[in-house]
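Chain residues, written in single-letter form:
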Amino acid sequence: MLQTTTQLDGAFEYLKKVGGEPTDAAAFEEAAGVGVVVTPEQISAAVADAIGSKKEQLLEDRYHFNTNLLLAPVTKALKWADGAAVRAELSSQVEALLGHKTEADLAPPEKKKKPKAEKPKPAPKVEEQAAAAAPEEGAAGTADDPYAFMPKPEDNNQVHTTVNFSDGSVMRIANSPAVLAQHMQRTGGKVVTRFPPEPNGYLHIGHAKAMFVDFGMAVQYGGVCYLRYDDTNPEAEKQEYIDHIAEIVSWMGWSPWKVTYASQYFAQLHAYAVQLIKAGKAFVCHQSKAEIEESREQGLPSPWRERSIEENLRLFEDMRRGLYKEGEATLRMKMDHKNENPNMWDSVAYRIKYVQHPMAGDEWCIYPSYDFTHCLCDAIEDITHSLCTLEFESRRASYYWLLDVLDTYKPVVWEYSRLNITNTVLSKRKLNRLVTEDHVHGWDDPRLLTLAGLRRRGVAPASINAFCREIGITRNANVIPYHKLEHHVRLHLDVNSPRTLAVLRPLKVVLTNVPEQHSSTVQGATLPGRLESQAYDLPFSRVVYIEASDFRLQDSKDYYGLAPGKSAMLRYAYPITVIGYSTAADGSISEVAAEADLSFVAGGGKKPPKGVLNWVAQPAPGQDPEHAEVRLYDVLFKSEAPDALGDSWLEDLNPDSLQVVQGAMVNPHLAATAKAFDRFQFERLGYFSVDPDSKPGQLVFNRTVTLKDSFKK
């Protein structure tokens, strides 16, 4: 008889390991501690040993000591001891040692002073590889090992799931010891995962999380990960998408062990379908899609469900030979049409499509469904952990039903919450509408959270992987604030992006005490204050340009820009003081006159002004600085949850999600060296990346992120 929860846990562990195999009564009783008697004397001795190991600390802390720490060694030594009896004996012996509680024991413990924190060290350089997402060394835990809760490959003979049928029967799915042993021999006991995108669209940040889960787990445990294209629907698949997926996976820093296609297993999948028919578990059906849906709603079987095996084999071969039109016949699995789980309602295994396949060409006119293909490809490739998002949880029964009926190896299936982020949409259908209806400028528009869009915006893959690591791998449905992603983007760019000076909306400043033909340079720094910083030349001349917002007519206490009679520092150069200004016909400021303190030397004794300005000078007298186009991006939707708006979600588009600034100015060294996707910090302005639209003499920059979090708290 099982008398304690510990015994019950032991029994469950045994049954999980046995799986579908027959149980051994003696082994079961041993695993559950049946018949084991733990005497009070044994409990007393074990408790005394535990107290003795911590006696000094216990005498010092008295009743403020956490006595739960003493329970672990006792329960380890006496696994089947009654928990209540152990706790009672522990309480009794502690009281015998310490005596009754005093007033000091009842008072809250004094807080121990924390040691002063050391000054933070400079951030290390972050590599743009998926290695940035790899765990740091240290104690086990979710931060160091996000996959620690997953079962090990050698434990993959436990019960994976239980399928309940409408007739009251139950199928308990597990690998037999023999099947698991064969699998372990083929894999060498390694973790084997797969990233299985459908090649019918562009990858988004949700796929980045999936890559982190699939590739990341393989990296964590020295295993391997397949990149498998789930290419079973030739109507939606294109070579363009196949190429894009391979490119993005590589850009994200992941290296597939093998690149495979579901289509390369078509012959093997067809053989499995024939095997299913021969087992009496599949039939050829002539219901239309609408008729199938109607019969499912009514809980009715297909009129062709009870065909003979011979007839089904012949008709399925007719399907393969192209003797039916599209929609005239399907192969359906004979599962349980009355099951409470709709995914068990005799799902379609094969349908007819007279469409050229990107990989298989015109070899096949029957194509397997996702429900038939996915689990069998996992089994064929010896996947140890089949990881997917929670919307596939209800398909777990059909996944394991098929593998069990065909008597194949069965991977562990585990579902995690899909990634949702505020102020955006990630559904493939909605992304497609945004692109095809020209609400954005293509799949790589920087306002989209497609991975192509993030790359174009200037986001580094290391930032995305770090973001995925922080949000973790859980089953809790939640929405991640957009600013959390921006935090990781900003963190990486701060460490890695060289600094430069630029001006977005220029205002001309004439330095009246600088000769008209004067031309010199001052030294800027790519990473100010760091050992790896490099100097670069900044032209300095009579005419410089500052941000228009850095000059105003009315000064104020909290304003550090220029105003009449006020001084500010040109970054890396000299203090300047306003002595006059000119206005245009509309009353706006058109030009500022100022004097520069050319005698100023940094660190030379003179105190510089508080205000420091970004600026760009004419590279030579009378020659305009290099102009550039700058695209300032904001969130695509005004509300945090556009998906919750139903059919009106497009009305929530943010009209200010893109502002294009023409006539921005950059320094000659930047214009001469910048190439597509290079990232920079424009000092005081934000982080920017060179857009692929750039041409010689016509640079285009995308603002990746602002210098500080601009989201409302």
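Now for a description of the structure that goes with this document. Remember, predicted model here, so these are calculated numbers, not experimental data.

## Considering the overall build of the protein
Stage number 1. If you tally the helices and strands in the protein, you get 20 helices and 27 strands.
Stage number 2. The C-alpha radius of gyration of the protein comes to 34 Å, more than 25% above the 27 Å expected for a compact globule of 713 residues.
Stage number 3. When the backbone C-alpha atoms are referred to their principal axes, the protein occupies close to 100 × 90 × 45 Å.
Stage number 4. For the protein, the proportion of its 713 residues judged to be buried stands at 48%.
Stage number 5. Working note: accessible area of the protein is about 35,500 Å², and carbon and sulfur atoms make up 50% of it.

## A short note on the pairing of strand S1 (residues 161-164)
Each regular strand shows side chains that alternate between the opposite faces of the sheet.
Stage number 1. Side-chain alternation along S1 places Thr-161 and Val-163 on a buried face and Thr-162 and Asn-164 on a face that remains uncovered.
Stage number 2. Direction of pairing for S1 relative to strand S2 (residues 170-173): antiparallel, over a ladder of four bridges. Counterpart to Thr-161 in the pairing with S2 is Ile-173.
Stage number 3. The antiparallel hairpin formed by S1 and S2 contains five residues in its connecting segment, where Gly-168 sits at a positive phi of about 95 degrees.

## Quick look at the sheet that holds strand S14 (residues 506-511)
Stage number 1. A sheet is described by the order of its strands in space; here seven strands give the open sequence S21-S18-S19-S20-S14-S17-S22, paired in mixed fashion. Edge strands, defined here as strands with exactly one partner in the open sheet, are strand S21 (612-613) and strand S22 (615-617).
Stage number 2. As defined by bridge partners, strand S19 (residues 575-583) adjoins strand S20 (residues 589-596) across seven bridges and the pair is classed as antiparallel. Residue Val-578 lies in a different strand from S20, and its bridge partner there is Ala-594.

## Overview of the side chain of Thr-384
Stage number 1. Relative to the elements of secondary structure, Thr-384 occurs in the loop between helix H14 (370-380) and strand S10 (385-389).
Stage number 2. Accessibility expressed as a relative area gives 0% for Thr-384, which makes it buried.
Stage number 3. Within the structure, the side chain of Thr-384 is placed 2.7 Å from the side chain of His-385, a separation counted as a polar contact.
Stage number 4. With sequence-adjacent residues up to four places away left out, Thr-384 is seen in contact with Pro-153, Asn-156, His-183, Lys-190, Val-191, Val-192, Tyr-409, Pro-411 and Val-412.

## Details of empty space enclosed by the protein
Space left empty within the atom packing is revealed by a probe, the size of a water molecule, rolled over the atoms.
Stage number 1. Under the criterion given, the structure shown has four cavities of 30 Å³ or more.
Stage number 2. Lining of the largest cavity is provided by 13 residues; of these, Tyr-370, His-374, Phe-392, Arg-395 and Tyr-399 occupy positions nearest its centre.
Stage number 3. Contributions of two or more residues to the lining of the largest cavity are made by H14, S10, helix H15 (396-405) and strand S11 (412-416).
Stage number 4. For the lining of the largest cavity, the element with the most residues is H14, which contributes four residues.

## What to know about helix H11 (residues 266-278)
Stage number 1. The terminal C-alpha atoms of H11 lie 18 Å apart, and with 13 residues this matches the ideal 18 Å at 1.5 Å per residue to within 8%.
Stage number 2. Phi for Gly-280, located one or two positions after H11, is positive at around 75 degrees.

## Side note on the nonpolar core
Stage number 1. Ile-205, Met-211, Met-252, Leu-451, Ile-464 and Phe-467 are the most contacted members of the largest nonpolar core, which has 48 residues in total.
Stage number 2. The set of elements that each furnish at least two residues to this core consists of helix H9 (205-220), strand S4 (224-229), helix H10 (239-251), S11, helix H17 (451-457), helix H18 (461-471) and helix H19 (482-496).
Stage number 3. At nine residues, the largest contribution of residues to this core is made by H9.
Stage number 4. Three or more residues apiece are contributed to this core by two domains, here domain 2 (158-260 + 374-416) and domain 4 (428-496 + 628-706).
Stage number 5. Contacts of Met-211, omitting those with residues within four sequence positions, involve Phe-195, Leu-203, Gly-216, Ile-248, Val-249, Met-252, Trp-254 and Leu-451.
Stage number 6. By size, the runner-up hydrophobic cluster in this structure holds 45 residues, among which are Val-163, Phe-165, Ile-277 and Leu-402.

## Quick look at unusual backbone geometry
Phi is mostly negative for residues that are not glycine, and the peptide bonds are mostly trans.
Stage number 1. Its identity as a non-glycine residue notwithstanding, Arg-62 has a phi of 50 degrees, on the positive side.
Stage number 2. Following the sequence through the fold, Arg-62 ends up in the loop between helix H4 (55-61) and helix H5 (68-77).
Stage number 3. Relative accessible area serves as the criterion here: at 23%, Arg-62 is assigned to the partly exposed category.
Stage number 4. One non-glycine residue, Arg-684, lies in positive phi territory at about 75 degrees.
Stage number 5. Positionally, Arg-684 belongs in the loop between strand S25 (679-682) and strand S26 (686-690).
Stage number 6. Judged by its relative accessible area of 43%, Arg-684 is partly exposed.

## As for the environment of Asn-66
Stage number 1. Mapped onto the elements of the fold, Asn-66 is located in the loop between H4 and H5.
Stage number 2. Judged by relative accessible area, Asn-66 falls into the partly exposed class, the value being 41%.
Stage number 3. In this structure the side chain of Asn-66 is engaged in a polar contact, spanning 3.1 Å, whose partner is the backbone nitrogen of Asn-68.

## Structural notes on the side chain of Thr-193
Stage number 1. In this fold, Thr-193 is placed in strand S3 (residues 192-195).
Stage number 2. Here Thr-193 falls in the buried class, since its relative accessible area comes to 0%.

Here is what the cut-offs are and how they apply
- Residues numbered from 1 in each chain as written.
- Predicted model: local features only at pLDDT ≥ 70, side-chain atom pairs only at ≥ 80, totals over all residues.
- Heavy atoms only, no water.
- Helix = DSSP H or I, 4+ residues; strand = E, 2+ residues; numbered from the N terminus.
- Rg over C-alpha atoms; globule rule 2.2 N^0.38 Å.
- Buried < 20%, exposed > 50% of the residue type's maximum accessible area, 1.4 Å probe, protein only.
- Areas by Shrake-Rupley, 256 points an atom, 1.4 Å probe, with all protein chains shown as cover.
- Pairing = 2+ DSSP bridges.
- Polar contact = N/O pair within 3.5 Å; in protein donor to acceptor, adjacent residues only side chain to side chain.
- Contact = heavy atoms within 4.5 Å.
- 1 Å grid on protein atoms, 1.4 Å probe; cavity = no way out; pocket = protein on both sides within 12 Å on 5 of 7 lines; lining within 4 Å.
- Points joined across faces, edges and corners; volume = space filled by probe spheres on them.
- Expected span 1.5 Å × (residues − 1).
- Core = buried A, V, L, I, M, F, W, Y, C linked by side-chain atoms within 4.5 Å.
- Domains from an automatic or database assignment.

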